Amino acid sequence: MQQAVAEAIADTGKGKIPVPPRPNTIDDTGIERTMLMNLLSKAMYVLGLQTASALSDHLKVSSSIVNTLLEEMRDQSLLESRGLAGADITSQIRYGLTQKGISWALDATEQSAYVGPVPVTLDAFCRQVAVQRISTERIGPEELRHELRNLILPEDLIQRLGPAANSAKSILLYGAPGNGKTCIAEAIGEAFSQTIYLPYCIEVGGQIINFYDETVHQRIDDPEAAQETARLIPRGRGNADARWVPCKRPVVITGGELTLDQLDLQYTVTSKFYEAPLHLKALGGVFIVDDFGRQRDTPQAILNRWIVPLEKGVDYLTLHTGKKFPIPFDELVVFSTNIPPGQLTDEATLRRLYYKIQVPKPNRVDFVTIFKRVCEMKGIEFRQDMIDYLFKNRYDKLGMEPSGFHPIFFIEQVISICEYYGTPIDPNDETLGQAWDNFYVDYGEV
């Protein structure tokens, strides 16, 4: 892998992400013929695909490769021609599996139920990760401010976030709940704008790892962008490799449900192929661990799992066959927590988190600004007496500090109260008082 990465870095252009070129021959795919025949036979048997173009579209390889496979399979009596798929001159030959071909497809399905595009090799994956590593894109002050525009944050906090976002290392955002830590982490991810290329799946040791995930990856289907990226393919190499999906740099979020075993390959005994773990799907982008410290596994155990990847830029995964292999670890990892850092782990481990940034509660001026924005968003006229009531009769009286989420909470509560009684929406002393009662919790004895 190291040699593949070194070669890819040497070929990287200035600010441009090279597009994987389409393989022209079976050998160019890097995938064994038997696996290709297995995938083709399963596509025919399970999905009922019959023409070369349909198989090409499904397998994401050229028609010439598919036709070569069809010829070889016909020579082995695995399939046969079944006439034209239509009556016009553009009609294609339909193919169908013979009984021997059906047996082949059933055996292939028994080995792995994966029915999808042809995988890319691990070496090809490592090379592509190297040339599109997140450190090749730099976020500027304007991009970051644009993504943070809906948040009211102290200027010194914004200034600290910029270098951290460009570090391609790790960030610990900590502070009281409800003040925008998760929104900040997501905004950092959205500030990246480059198109990168992610594979549908990866082949390792004869096994298939499903990678592309529509629930976490944002596909870029922009014809102009496609034309621009096509110019990056070396002359004479043809079109882009359809086995790679053009995507925005991923922003993957997990929370209290994260467990250590989810950071390993997920193998399903019934399907007999792997699903890439979430942090692997975040390669080239941002991986956010929200509510850090609320997971079933201890913060120390989770950080211990990531010490080597964070410091060395490489992770190690293991197949159920026992084969262990290295995989690039190229992503910005953001931990978000409302637990004091000293209670999460020891000083030595905290040292390995490169940026530790506290997200404070809003001061009174910022709280008023947030309150005004919420009123405007909800179509409510802002009045100073709303703020005076909250501070004089609630915050100051109880010795409490406001949080960033309080304005939206109070205004939505007021709206619910007024709608229930059929009265005009009015955040006055009475309705705000009722809203506060639904928010404030007395932690004394019940």
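Residues numbered from 1 in each chain as written. Predicted model: local features only at pLDDT ≥ 70, side-chain atom pairs only at ≥ 80, totals over all residues. Heavy atoms only, no water.

(A) Quick look at the packing of helix α3 (residues 33-47) against helix α4 (residues 52-59). Packing of α3 against α4 leaves a shortest axis separation of 11 Å and a crossing angle of 110°. Judged on the interaxial angle alone, α4 and α3 are roughly perpendicular. Two secondary-structure elements touch here, α3 through L39, L40, A43, M44 and L47 and α4 through L55, H58 and L59. For the contact of α3 with α4, a count of residues per class yields seven nonpolar, one polar and no charged. (Axes fitted to C-alpha atoms, helices over the stretch in contact; angles between N-to-C directions. Helix = DSSP H or I, 4+ residues; strand = E, 2+ residues; numbered from the N terminus. Parallel < 35°, antiparallel > 145°, perpendicular 65-115°, else oblique. Contact = heavy atoms within 4.5 Å. Nonpolar A, V, L, I, M, F, W, Y, C, P; charged D, E, K, R; others polar.)

(B) Molecular detail of helix α6 (residues 99-111). Look at α6: 19 Å from first C-alpha to last across 13 residues, which is about the 18 Å you get at 1.5 Å a residue. Taken together, the buried positions of α6 are G101, A105 and A108. Looking straight down α6, one finds that the buried residues subtend no more than 60° of arc, so they occupy a single side. Across α6 from its buried face, at more than 90 degrees, point the exposed residues Q99 and E110. Next to the buried residues of α6 lie α3 and β2 (93-97). (Expected span 1.5 Å × (residues − 1). Buried < 20%, exposed > 50% of the residue type's maximum accessible area, 1.4 Å probe, protein only. Arc of directions from axis to C-beta.)

(C) Representation of helix α17 (residues 384-398) within the structure. If you check α17, its first and last C-alpha atoms are 20 Å apart, about what 15 residues at 1.5 Å a residue would give, namely 21 Å. When the local axis directions of α17 are compared, the greatest deviation, roughly 40°, occurs at F391. Where α17 is buried, its residues contact α16 (364-377), α18 (406-421) and α19 (429-439). Looking one or two residues past α17, G399 carries a phi angle of roughly 70°, positive in sign. (Bend = angle between axes of the 7 residues up to and from the residue.)

(D) Region of the structure containing the packing of aromatic side chains. Enumeration over the complete set of coordinates arrives at 20 aromatic pairs. With centroids separated by 5.5 Å and ring planes inclined at 90°, the aromatic side chains of F367 and F391 adopt a geometry described as edge-to-face. With a gap of 24 residues between them, F367 in helix α16 and F391 in helix α17 connect regions that are remote in the sequence. Exposure class is identical for F367 and F391. Each is buried. (Phe/Tyr/Trp six-rings, centres within 6.5 Å; stacked < 30°, edge-to-face > 60°.)

(E) Highlighting the sheet that holds strand β11 (residues 274-275). Taking strand neighbours across the sheet as the criterion, the five strands line up as β3-β6-β7-β11-β10 in an open arrangement whose pairing is mixed. Whereas interior strands pair on both sides, the edge strands pair on one side only; in this sheet they are β3 (120-121) and β10 (266-267). Summarising the sheet, β3 and strand β6 (residues 201-204) pair through two bridges and their orientation is parallel. Of the residues in β6, the one forming a bridge with V120 is I202. (Pairing = 2+ DSSP bridges.)

(F) Seen up close, a nonpolar patch on the surface. Where nonpolar side chains cluster on the molecular surface, the patch consists of Y45, V46, L47 and L106 and spans about 350 Å² of accessible area. Ranked by residues supplied to the nonpolar patch, first place goes to α3 with three residues. Structurally, the position occupied by V46 is in helix α3. (Patch = residues over 30% accessible without salt bridge, like charges linked within 9 Å, V, L, I, M, F, W, Y side chains within 5 Å. Areas by Shrake-Rupley, 256 points an atom, 1.4 Å probe, with all protein chains shown as cover. Salt bridge = Lys/Arg side-chain N within 4 Å of Asp/Glu carboxyl O.)

(G) Geometry of the environment of G189. Examined against the element boundaries, G189 turns out to sit in helix α10 (residues 181-191). In contact with G189, not counting residues within four places along its chain, are K248, V251 and V286.

(H) Region of interest: the pairing of β6. Every second residue of β6 is oriented toward a common face, with C201 and E203 on one face and I202 and V204 on the other, all of them buried. Bridge count for β6 against strand β7 (residues 207-210) is four bridges, and the pairing is antiparallel. Paired with I202 across the strands is I209, a residue of β7. In this antiparallel pair of consecutive strands, β6 and β7, the connection spans two residues, and G205 shows a positive phi of 55°.

(I) Seen up close, the side chain of S271. With respect to the helices and strands, S271 occurs in the loop between β10 and β11. According to the relative accessible area criterion, S271 is buried, its value standing at 14%. Ignoring anything within four residues of it in the chain, the contact list for S271 reads S112, A113 and Y114.

(J) How the structure looks around unusual backbone geometry. Even without glycine at this site, A168 takes up a positive phi of about 55°. Locating A168 in the fold gives a position in the loop between α9 (155-165) and β4 (170-174). The phi torsion at D291 lies on the positive side, around 50°, for a residue other than glycine. The topology assignment puts D291 in the loop between β12 (286-289) and α13 (299-312).

(K) A look at the sheet that holds strand β15 (residues 332-337). A sheet is described by the order of its strands in space; here five strands give the open sequence β9-β12-β15-β4-β16, paired in parallel fashion. Unpaired on one side and paired on the other, β9 (251-254) and β16 (355-358) mark the two borders of the sheet. In this sheet, neighbouring strand axes are inclined to one another by 20° on average, regardless of whether the strands run parallel or antiparallel. By the bridge criterion, four bridges tie β4 to β16 in an arrangement that is parallel. Its bridge partner being in β16, L173 is matched across the sheet by I357. The strands touched by α9 within the sheet are β4, β15 and β16, with β16 carrying the most contacts at an inclination of about 155°.

(L) Geometry of the pattern of salt bridges. Across all of its chains, the model carries 20 salt bridges by this definition. The partner of K248 in a salt bridge is E190, and the shortest N-O contact between them spans 3.7 Å. Placement of K248 in strand β8 (residues 244-248) and of E190 in helix α10 is noted, with a sequence separation of 58 residues between them. Looking at K248, the relative accessible area reads 12%, which means it is buried. Taking relative accessible area as the criterion, E190 reaches 36% and is therefore assigned partly exposed. Sharing partners across several salt bridges, the network here consists of D27, R33 and E72.

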